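Coordinate inspection notes
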Amino acid sequence: MPITKETGEFLGLVMMFTAMGGFLWLPTIWSLLTFLTPKKLLDTYFKEPHFTQGELIFMSRFPLSLLRTGMFCWVILFPCLDRKRNIRNCYEVMPTWYRLSLNILGISAILIAAVVFGIMLFLLTSHIAK
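1. Some remarks on the packing of helix H1 (residues 5-35) against helix H5 (residues 96-125)
- Axis separation between H1 and H5 bottoms out at 9 Å; the angle between their running directions is 155°. With respect to H5, the element H1 is oriented roughly antiparallel. At the point where H1 passes H5, the crossing takes the left-handed sense.
- Partitioning the contact of H1 with H5 into residue classes produces 21 nonpolar, 6 polar and no charged.

Written as structure tokens, this is what we have:
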């Protein structure tokens with residue numbers, strides 16, 4: 001079903017503003033959480049056997065330390081992703097503010113991606129003639 005020009009323009013603007021907001025919000029909060037990672041969490045879980053020696057070397061410095069923060073974020077949101085590292089209970093040593101911030105980071109990343117790709121898919125498929 002074709003959509004009107006105004007609706008297409010509005011959805012395009014919503015998609016672009018959401019994407020640009022995500023490009024500003026996500027790296028900022030992700031970097032901030034990486035630098036504010038609690039020392040107790042790193043001392044407990046950022047060591048062998050949870051990470052290999054090479055990962056410990058590479059992920060101890062910026063920008064690859066962002067990967068470490070991302071791993072903690074996804075394990076909190078989706079504990080089933082923790083097959084290899086065995087850091088499923090890492091939330092127990094995290095302060096509440098850090099755990100909530102990681103949840104906000106992960107959920108906002110999922111929502112931004114869903115809105116952008118959902119609108120993009122809708123706009124692409126709405127112009128296909130039957």
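2. Notes on the confidence of the model for the protein
- The predicted model of the protein averages 82 in pLDDT, with 95% of residues at 70 or higher.
- Across the protein, element-level confidence peaks in H5 with a mean pLDDT of 89 and bottoms out in helix H3 (residues 53-58) with 74.

3. Thoughts on the nonpolar core
- Core analysis: the biggest nonpolar cluster contains 23 residues, and Leu 41, Phe 72, Cys 90, Met 94 and Leu 102 have the highest contact counts within it.
- Listing elements by their share of this core, those giving two or more residues are H1, helix H4 (65-77) and H5.
- Every residue in contact with Leu 41, bar those within four places of it in the chain, is listed here: Phe 46, Phe 72, Cys 90, Val 93, Met 94 and Tyr 98.

Rules and cut-offs
- Residues numbered from 1 in each chain as written.
- Predicted model: local features only at pLDDT ≥ 70, side-chain atom pairs only at ≥ 80, totals over all residues.
- Heavy atoms only, no water.
- Axes fitted to C-alpha atoms, helices over the stretch in contact; angles between N-to-C directions.
- Helix = DSSP H or I, 4+ residues; strand = E, 2+ residues; numbered from the N terminus.
- Parallel < 35°, antiparallel > 145°, perpendicular 65-115°, else oblique.
- Left-handed = near helix turned anticlockwise from the far one by under 90°.
- Nonpolar A, V, L, I, M, F, W, Y, C, P; charged D, E, K, R; others polar.
- pLDDT = per-residue confidence, 0-100.
- Core = buried A, V, L, I, M, F, W, Y, C linked by side-chain atoms within 4.5 Å.
- Buried < 20%, exposed > 50% of the residue type's maximum accessible area, 1.4 Å probe, protein only.
- Contact = heavy atoms within 4.5 Å.

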